[in-house]
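Coordinates in review
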Amino acid sequence: MFCLFAGAHALRLASMSGVPLQTSSFAIGVCAALFIAMGLLFVGGFGASASPSGTSWLAGLRPHHLIPGFNEAVFMAFVALSFLNQALVAPEVIDRGVAGALENAMTFLVPGQKALQTRVLDGCFMDGGRLFSAAFTWLLAIIYLGSAASRLRLQAGLIRLEAGERSQPLGPTLRAFLFGIVAVVGIQFLFVGSAYPWMNCSAFADITGAVLIGLAPLMLSYLIVAALASLMAAAPEK
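Structure report, in brief. (Residues numbered from 1 in each chain as written. Predicted model: local features only at pLDDT ≥ 70, side-chain atom pairs only at ≥ 80, totals over all residues. Heavy atoms only, no water.)

Details of the overall build of the protein
Across its full length, the protein holds 11 helices and zero strands. Of the regular secondary structure in the protein, the N- to C-terminal order runs α-α-α-α-α-α-α-α-α-α-α. Taken across its 238 residues, the protein has 34% of its residues classed as buried. For the protein, long-range pairs separated by at least 24 residues make up 79% of all intrachain contacts whose partners lie at least 6 apart in sequence. Summed over all atoms, the accessible surface of the protein reaches about 13400 Å², with 73% contributed by carbon and sulfur. (Helix = DSSP H or I, 4+ residues; strand = E, 2+ residues; numbered from the N terminus. Buried < 20%, exposed > 50% of the residue type's maximum accessible area, 1.4 Å probe, protein only. Contact = heavy atoms within 4.5 Å. Areas by Shrake-Rupley, 256 points an atom, 1.4 Å probe, with all protein chains shown as cover.)

Below you can see the structure in the form of structure tokens.
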């Protein structure tokens, strides 16, 4: 999802700069495909190492294992909505009615939104719908977090079943600890907004800013859910 999101924004920015789509799509597509392949290779290798032999792991792989679950489907739908909002909606509704109200609400709820506003408007003198995009993404992230949190017990049960069927290189406790550390760092950098003052203004005009505003809050919510589910799976089952 990260590679697809960044690649889509690369195509959008290339088109906005006047580069023909047929010229940019091949180069950007090749780069995105290579990074996706590298990520899938890492995940596949990590999964294969959990079993005594890679053959037994592959033998247990079924087509339905590739179908995303409900939480993952909602996550992908929200990522698509965030991108469409960034590309098509946000530049046209800057500070208009509902857009301004949503920005004010997220500024009150999310300290990082205020930090982004201070950095983008006061420090860089740019907006272009970035503040509304960030507010909309945080709204989606909060909705996703609430929705996924209602199914944490089910997720924890699935983790226990998975651990019982095959050995795991990381147990639920260690996995919850590692996810928790990364989640705390993400909360500090994104939700609190500590990362924004460190960034140059040029970052908000390219793919870095687009990914940070439109995808990072959703990824943080996904990580928090994964950490909580692993923590529940590590607890003794009642």
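Some thoughts on the packing of helix α5 (residues 98-109) against helix α7 (residues 130-149)
For the pair α5 and α7, interaxial distance at closest approach is 9 Å and the crossing angle is 65 degrees. Note that α5 runs across α7; the crossing there is left-handed. The segment α5 lies against α7, with A99, L102, E103 and M106 engaging L131, F132, A135, F136, W138, L139 and I142. Here the residues of the contact of α5 with α7 sort into 10 nonpolar, no polar and one charged. (Axes fitted to C-alpha atoms, helices over the stretch in contact; angles between N-to-C directions. Left-handed = near helix turned anticlockwise from the far one by under 90°. Nonpolar A, V, L, I, M, F, W, Y, C, P; charged D, E, K, R; others polar.)

Comments concerning the packing of aromatic side chains
Under the criterion given, the structure shown has seven aromatic pairs. On the basis of an interplanar angle of 55 degrees and a centroid distance of 5.0 Å, the ring pair of F75 and Y222 is categorised as tilted. Taken together, the residues F75 in helix α4 (residues 70-89) and Y222 in helix α11 (residues 216-234) connect sequence positions 147 residues apart. Since its relative accessible area comes to 31%, Y222 is described here as partly exposed. (Phe/Tyr/Trp six-rings, centres within 6.5 Å; stacked < 30°, edge-to-face > 60°.)

Observations regarding α4
For α4, built from 20 residues, the straight-helix expectation of 28 Å at 1.5 Å per residue is met to within 8% by its first-to-last C-alpha distance of 27 Å. Along α4, the positions that sit buried rather than exposed are N71, V74, F75, F78, V79, S82, F83, N85 and Q86. (Expected span 1.5 Å × (residues − 1).)

Examining the state of the cysteines
Per the counting criterion, the structure on display carries one disulfide. With its sulfur 2.2 Å from that of its partner, C124 forms a disulfide with C201. Measuring the twist about the S-S bond at about -85 degrees, one finds the C124-C201 disulfide to be left-handed. You can see C124 sitting in the loop between α6 (111-123) and α7 and its partner C201 sitting in the loop between α9 (172-191) and α10 (207-214), a full 77 residues away along the chain. The buried category is assigned to C124, whose relative accessible area is 11%. (Disulfide = S-S within 2.5 Å.)

Looking at the nonpolar core
Core analysis: the largest hydrophobic core is formed by 47 residues, its most contacted members being L116, W138, Y144, L190, Y196, F204 and L218. For this core, the leading source of residues is α7, giving 10 residues. (Core = buried A, V, L, I, M, F, W, Y, C linked by side-chain atoms within 4.5 Å.)

So, the layout of surface pockets
When its volume is computed, the second largest pocket comes out at roughly 260 Å³. Taken together, 17 residues make up the lining of the second largest pocket; nearest its centre are R12, Q86, G128, R130 and F204. At the level of elements, α1 (2-16), α7 and α10 are the ones that each hand at least two residues to the lining of the second largest pocket. Broken down by element, the residue count for the lining of the second largest pocket peaks at four residues, all from α1. The class makeup of the residues in the lining of the second largest pocket is seven nonpolar, six polar and four charged. (1 Å grid on protein atoms, 1.4 Å probe; cavity = no way out; pocket = protein on both sides within 12 Å on 5 of 7 lines; lining within 4 Å. Points joined across faces, edges and corners; volume = space filled by probe spheres on them.)

With respect to the packing of α5 against α6
For the pair α5 and α6, the least separation of the axes is 5 Å and the interaxial angle reads 115 degrees. Together, E103, M106, T107 and L109 of α5 and P111, Q113, K114 and Q117 of α6 make up the contact between the two elements. Here the contact of α5 with α6 is built from residues that sort into three nonpolar, three polar and two charged.

Quick word on α1
In a regular helix each residue adds 1.5 Å, so 15 residues correspond to 21 Å; α1 covers 21 Å between its end C-alpha atoms and thus fits that length. Here α1 has its buried residues at F5, A6, G7, H9, A10 and A14. Of the residues trailing α1, G18 is marked for its positive phi of about 95 degrees.

Topic: a nonpolar patch on the surface
Residues L174, F177, L178, I181, V182, V185, F189 and W198 make up a contiguous nonpolar surface patch of about 770 Å² in total accessible area. Along the chain, I181 turns up in helix α9. (Patch = residues over 30% accessible without salt bridge, like charges linked within 9 Å, V, L, I, M, F, W, Y side chains within 5 Å. Salt bridge = Lys/Arg side-chain N within 4 Å of Asp/Glu carboxyl O.)

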